[in-house]
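Descriptive analysis of the structure
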Amino acid sequence: MERTDALNIIVSLFAATLASLCVDDAVAADVPFSARSTVLVLNEDNDHYFKLDRKFMDIAHLEAYVDRLAEGGNVTHVFFCPTGQRASFDSKVWEPIWKGLEEYPREKIWYLFRQWSENAKLLNDNGIDPYAVWIARCRKNGISPWLAPRMNDCHDGAADLSKPYRSITLWRERKDLHCYPEWNKPDWGRHQFDYSHAEVRESALAMLRELFEGYDFDGIELDGGIWFPKEKARASIPVMNAFIREVDAMRREWAGRRGHPILIGAKVSHTPESCRNQGCDVAKWVREGMVDWVICSNGGGNPIFDVPVDAWRKEFGERKDAKVICGSNYSYTPSHGMKRQSMTSAMYRGWADAMLTSGADGLYLFNLQYHPVEQAEVVRSGLAPASLLRHERFYHALGGMPVDMPGRGRIRFKAGSAATNGISRLVLAFKGDVPPIDAIAVSVNGCSPRGISSGKYVSWWREEIDPAERFLPELYSLEFELAEGTVKPGANYAEISSEAECHIVAAGISSAPSAQQEKSETPDPDGTVGR
C-alpha cells in the first residue's frame, strides 16, 4: 500500500467517526473543572475539525463537538490550536490558511488541505469564529478552554520548501531567519525560525497579542519545540527569558482586562537540563512567576515515562502552585527499526498510571482526536486512579529493544501503583519465527513467570481500528503469567535468554483488573469515581 493511500484511509476513518460524534444533540454538563480530581487535557489540532464534511461547519456542530468531549465529566481542559504556521481564523498578523490558495494549481493541493482551507473560509464568510464558539461552549460544559498556538511550526515547509501554502510570508521570504539558512533539503528542525532574531520574536509577539485581544481564554500554551540552532541554544537563554517576560506582561495586562486569571503553559522537553540545552530555562520562568504549567513532552516522539517530577519541583523553589503536566503523543516506536505504532487505550492507561504514581499533576494526550476510538474511551472512562484500577493497562517496553537471540537481553518497563493490583502478564512479540514457549528463559524482577500462551500480538495488529496499518507485518507473541506482587511501581526489568534464533521487537506488561475490581465502584479519596 502506498503511504499516501494509507494516510487517506486513516484520515477518512477519523473524519467519519468524528463526524458521527457531532450529529446528535448533547446536554452541557455545567460542572466546574476545579471540582474534578485529575487534570486531563485534550487538544484540538489546528486543521483537524476543518477536514470534516462541510455540513458540520455551523455553530450547532461546533458546540456538539465540545459537548462530546464533556461526556463522562473527565476532561478538565481542552487546548485549541489556532495557528501552525498560518491561522485557521481570519488573522491580520499571520495569514489565514485560505489566503492566496486560489493562486496555486488546485490539482496540486492535497484534497484534505483544500477541505481544511475551504471550510475555515466558509465559517469565516458566514460570520462564525470556531474558536470563540469552542471557548464559550467549554465554559458551558465546565471545561477550561485554552489556546495553544504553534510557536515554530514547520509542516510542509520541511517536506517541500517550494510550497507557498501553510507557511507565512516572513518564513518564505526571509530564509536568513531560519535556524540553518544554508540548508536546502527537507528537514523540520533546520527550517524552523531562529528566535535569536528580533524579527522572529516580534512576529510571534504580534500573533500572541492578536489572540489575547480576540479571545477570552483561561490559559495559553506556548508550543515551541525548537527555538534556536543547537550550537546557539545555551547562549540564547537570556534572549528567551526576555521573550517569555514579554508574554507574561501581555498575560497580566489581559488578565486584568478580562477580570480572571490567565495561565501560561510551556510545552517543553522532559527535564530542566534538556530544556536549558534548547535555550529555555523553564525552571527560572516558573520561579519568576512567568509560567504556571510545565508540560513535559517529546513532541512527535514516544511518550515519556521518565519525567523527573521531583527534580522539576525542586527547581521551582518556593513556587508551590506550578504544575508539572506529563504529555503523551498518540503513537510510539516499539523498538529501533520498527514502524511507528498507534497507542492503544490500554497503553494510555499504563502510561497514565506510571505518570500519576510519579507525582504528575496532570496528563495531556496530544492529538488523540486523530484516533477517535481511543479518544472516546478516554472521554468516557477518564485516566484517574480509580478508573485505571477497573481497566486493562499495558506498560510497553522503554529500553533494551530489540532483543536478538540466541543470547540474552534485559528489557526495562515503568509501571505505577495500579500494576500491583489484578492479573499481570509479560508479553513478548517476535518478528519472524516464534520459538517454543519453553525455549525461552524469562524472569521479571527476579521472579520466574509461567508461560501460558502464544498468538497474535493484538497491541500491534489492530485491524478493526486502523485499516491504514494493514500493510504492517503481523507479529506473534508469547505470554507469561506473573505471580501477584511481581510488578512494582517504578522500574521493572525482564531478563530474557534463549539458545533459539529469534527476534523480540515489541514487549510489554499487561495488567488486567480482577473480576472484583472491574465491578468495583469504590470512589477516590476525594469522592469522585473514574475521574
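1. Some words on the pattern of salt bridges
Under the definition given, this model contains 33 salt bridges. Taking the shortest distance from any N to any O, the salt bridge between aspartate 47 and lysine 51 comes out at 2.7 Å. With a relative accessible area of 4%, aspartate 47 lands in the buried category. A residue is classified by how much of its surface remains accessible, and lysine 51, at 9% relative accessible area, is buried. In this structure, aspartate 306 engages arginine 412 in a salt bridge whose closest nitrogen and oxygen atoms are separated by 3.0 Å. With aspartate 306 in the loop between β6 (293-296) and α11 (309-316) and arginine 412 in strand β12 (residues 403-415), the pair connects residues that are 106 residues apart, well separated along the chain. Relative accessible area serves as the criterion here: at 33%, aspartate 306 is assigned to the partly exposed category. One network of salt bridges, with partners in common, ties together Asp248, Arg251, Arg252, Asp292, Arg319 and Asp321.

2. Thoughts on the nonpolar core
Within the largest apolar cluster, 137 residues are counted, with the highest numbers of intra-cluster contacts made by Phe243, Leu365, Ile411, Leu426, Leu428 and Ile496. Leave out the neighbours within four places in its chain, and leucine 426 touches Phe413, Val442, Val444, Leu478, Glu479, Phe480, Leu482, Ala494, Ile496, Gly508 and Ile509. Residues Phe79, Trp293, Ile295 and Tyr364 belong to the second largest nonpolar core, which totals 10 residues.

3. Overview of helix α2 (residues 59-70)
Along its 12 residues, α2 runs 17 Å from first to last C-alpha, staying within 8% of the 16 Å computed at 1.5 Å per residue. Burial runs high along α2: nine of the 12 residues are buried. All of the buried residues in α2 are His61, Leu62, Ala64, Tyr65, Val66, Asp67, Arg68, Leu69 and Ala70. The opening residue of α2, the one whose side-chain oxygen lies 3.3 Å from the backbone nitrogen of alanine 60, is aspartate 58. Among the residues trailing α2, glycine 72 stands out with phi positive, at a value near 95 degrees.

4. Overview of unusual backbone geometry
The peptide bond linking glycine 84 to glutamine 85 adopts the cis configuration, its omega dihedral lying at -20 degrees. One can find glutamine 85 in the loop between β2 (77-80) and α3 (111-125). The amide bond that connects methionine 405 to the next residue, proline 406, takes the cis arrangement and shows omega of 25 degrees. With respect to the helices, strands and loops of the structure, proline 406 is situated in strand β12. Phi at asparagine 445 is positive, roughly 50 degrees, even though this residue is not glycine. Of note, asparagine 445 is situated in the loop between β14 (440-444) and β15 (450-456).

5. A short note on the environment of valine 239
Checked against the element boundaries, valine 239 lands in helix α8 (residues 237-258). In this structure valine 239 comes out as partly exposed when scored by relative accessible area, which is 28%. When the C-alpha positions of valine 239 and tyrosine 195 are compared, they lie 8.1 Å apart, and in sequence the two are 44 residues distant. Not counting residues up to four positions away in its chain, the partners in contact with valine 239 are Tyr195, Ser196 and Arg201.

6. Regarding the packing of aromatic side chains
Under the criterion given, the structure shown has 23 aromatic pairs. Judged by centre distance (6.3 Å) and plane angle (40 degrees), the rings of phenylalanine 79 and tryptophan 293 are tilted. Of this pair, phenylalanine 79 sits in strand β2 while tryptophan 293 is found in strand β6, placing the two residues 214 residues apart along the sequence. Across the pair, tryptophan 293 and phenylalanine 79 agree in class, each one buried. On the numbers, 5.5 Å between centres and 80 degrees between planes, the contact of tyrosine 195 with phenylalanine 243 is edge-to-face. Of the two residues, tyrosine 195 sits in the loop between α5 (169-173) and α6 (198-214) while phenylalanine 243 sits in helix α8, which places them 48 residues apart along the sequence. Each member of the pair, tyrosine 195 as well as phenylalanine 243, carries the same accessibility label: buried. In textbook terms, an aromatic cluster arises when at least three aromatic residues are bridged by ring pairs, as seen for Tyr49, Phe50, Tyr65, Phe80, Phe89, Tyr131, Trp134 and Tyr215. Taking NZ or CZ as reference, arginine 410 lies 3.9 Å from the ring centre of tyrosine 493, over its face.

7. Observations regarding the sheet that holds strand β1 (residues 39-44)
One closed barrel accounts for eight strands, arranged β1-β2-β3-β4-β5-β6-β7-β10; its pairing is parallel. Going from strand to strand, the sheet's axes swing by 25 degrees on average, the running direction of each strand aside. Helix-sheet contacts for α8 involve β4 (219-223) and β5 (263-268), and the interaxial angle to β5 is about 150 degrees.

Quick notes on the rules
- Residues numbered from 1 in each chain as written.
- Predicted model: local features only at pLDDT ≥ 70, side-chain atom pairs only at ≥ 80, totals over all residues.
- Heavy atoms only, no water.
- Salt bridge = Lys/Arg side-chain N within 4 Å of Asp/Glu carboxyl O.
- Buried < 20%, exposed > 50% of the residue type's maximum accessible area, 1.4 Å probe, protein only.
- Helix = DSSP H or I, 4+ residues; strand = E, 2+ residues; numbered from the N terminus.
- Core = buried A, V, L, I, M, F, W, Y, C linked by side-chain atoms within 4.5 Å.
- Contact = heavy atoms within 4.5 Å.
- Expected span 1.5 Å × (residues − 1).
- Polar contact = N/O pair within 3.5 Å; in protein donor to acceptor, adjacent residues only side chain to side chain.
- Phe/Tyr/Trp six-rings, centres within 6.5 Å; stacked < 30°, edge-to-face > 60°.
- Lys NZ or Arg CZ within 6 Å of the ring centre and 35° of its normal.
- Pairing = 2+ DSSP bridges.
- Axes fitted to C-alpha atoms, helices over the stretch in contact; angles between N-to-C directions.

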